[in-house]
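Structure at a glance
Chain by chain, the residues:
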Amino acid sequence: MRYRLDVVSPTVLDAVRFAGGWIYDRVMAGWDVTVLVNSGEDVRPLEVLGAEALDLESVLESWEQRPHPQTVAVAADLFDLDDRVRQGVLGALEQGATEVTLWGELLPTELNSSVDSVEHRLSAAARAFKAQALAVANGAAREAVGETETFCCGTMASVAADLVPAS
């Protein structure tokens, strides 16, 4: 059995920009990584990272039947915009069996006591592949790629040691 990471994102660009290096590094570590985004988007940037893309709406409709991943990463924007996403995140945090990771500028205040700031240090390959994925998403425009990606994470009983407390 392979470990699974589901990434719930409003757009392909958002997933690549905020979690692209982490996605790549988890794929290279042997994880099955699926990014759930709205249909109709160009998913080539996700393919550059080695991730599979699925339609967010279809997956949310059948969320309970879907095998539970070891980790779920969610854009904080979607937590406030879609009650199904909100309930899924709160349920996962309550059960404590799934690592829940969020990214975004404004994290929901109701999660302040449930999550801690963490970061992932990107491998050199992750930085290169993230830069390429960003170029594909931005129509060849270059965007700087940092050495780390920062998240908020609940249930730190991670099956991977790639998220560490942010200083």
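The text that follows walks through the structure, step by step, so that each part is easy to find. (Residues numbered from 1 in each chain as written. Predicted model: local features only at pLDDT ≥ 70, side-chain atom pairs only at ≥ 80, totals over all residues. Heavy atoms only, no water.)

Here's the deal with the overall build of the protein chain
Tallying secondary structure elements over the protein chain gives six helices and eight strands in all. Secondary structure elements of the protein chain, listed N to C terminal, follow the sequence β-α-β-α-β-α-β-α-α-β-β-α-β-β. Taken over C-alpha atoms, the radius of gyration comes to 15 Å for the protein chain, in line with the 15 Å a tight globule of 167 residues would show. Once the C-alpha set of the protein chain is aligned to its principal axes, its extents read approximately 40 × 35 × 35 Å. In the protein chain, which comprises 167 residues, the share counted as buried stands at 45%. Across the protein chain, every contact between residues at least 6 apart in sequence was considered, and the portion connecting residues at least 24 apart equals 76%. As displayed, the protein chain offers around 8,200 Å² of accessible surface, 50% of which is attributable to carbon and sulfur atoms. Each charge class in the protein chain was averaged separately, 12 positive and 26 negative side chains, and the resulting centres sit 6 Å apart. (Helix = DSSP H or I, 4+ residues; strand = E, 2+ residues; numbered from the N terminus. Rg over C-alpha atoms; globule rule 2.2 N^0.38 Å. Buried < 20%, exposed > 50% of the residue type's maximum accessible area, 1.4 Å probe, protein only. Contact = heavy atoms within 4.5 Å. Areas by Shrake-Rupley, 256 points an atom, 1.4 Å probe, with all protein chains shown as cover. Lys, Arg positive; Asp, Glu negative; His and termini not counted. Charge placed at Lys NZ, Arg CZ, Asp CG, Glu CD.)

Structural notes on the pairing of strand E1 (residues 4–8)
Here E1 lies mainly inside the structure; five of its five residues are buried. Residues Arg 4, Asp 6 and Val 8 of E1 are buried on one face, and the alternating residues Leu 5 and Val 7, pointing to the opposite face, are buried as well. When E1 meets strand E2 (residues 32–37), the two strands line up parallel, connected through five bridges. The residue of E2 that forms the bridge with Asp 6 is Thr 34. Of the crossover connections in this fold, the one passing from E1 over helix H1 (residues 12–28) to the parallel E2 is right-handed. Bridging between E1 and strand E4 (residues 71–75) involves four bridges; their strand directions are parallel. Across the sheet, Leu 5 pairs through a bridge with Thr 71, a residue of E4. (Pairing = 2+ DSSP bridges. Right-handed = clockwise from strand over helix to strand, strands pointing away.)

Quick look at the pattern of salt bridges
Taken as a whole, this structure holds 10 salt bridges when the rule is applied. Here Glu 99 makes a salt bridge to Arg 26, at a shortest N to O gap of 3.3 Å. Of the two residues, Glu 99 is situated in strand E5 (residues 99–103) and Arg 26 in helix H1; the sequence distance between them amounts to 73 residues. One exposure class covers both Glu 99 and Arg 26, and it is buried. Note that Arg 121 and Glu 147 form a salt bridge whose closest N and O atoms lie 3.2 Å from each other. Separated by 26 residues along the polypeptide, Arg 121 in strand E6 (residues 116–121) and Glu 147 in the loop between helix H6 (124–137) and strand E7 (148–154) bring together distant segments of the chain. As far as the burial class goes, Arg 121 and Glu 147 line up, both exposed. Among the charged side chains, a salt-bridge network with shared partners connects Glu 57, Asp 82 and Arg 84. (Salt bridge = Lys/Arg side-chain N within 4 Å of Asp/Glu carboxyl O.)

Overview of the nonpolar core
Counting residues in each nonpolar core, the largest one holds 28 residues, and the members touching the most others are Val 7, Ile 23, Val 33 and Val 35. Counting only elements with at least two residues in this core, the list comes to E1, H1, E2, helix H2 (44–49), E4, H6 and E7. Considering every element that reaches this core, the biggest residue donor is H1, with eight residues. Among residues more than four places away in sequence, those in contact with Val 35 are Val 7, Ala 15, Ile 23, Leu 46, Ala 51, Glu 52, Ala 53 and Leu 54. Ranked by size, the runner-up nonpolar core spans 18 residues in total, among them Leu 36, Val 59, Val 89 and Val 115. (Core = buried A, V, L, I, M, F, W, Y, C linked by side-chain atoms within 4.5 Å.)

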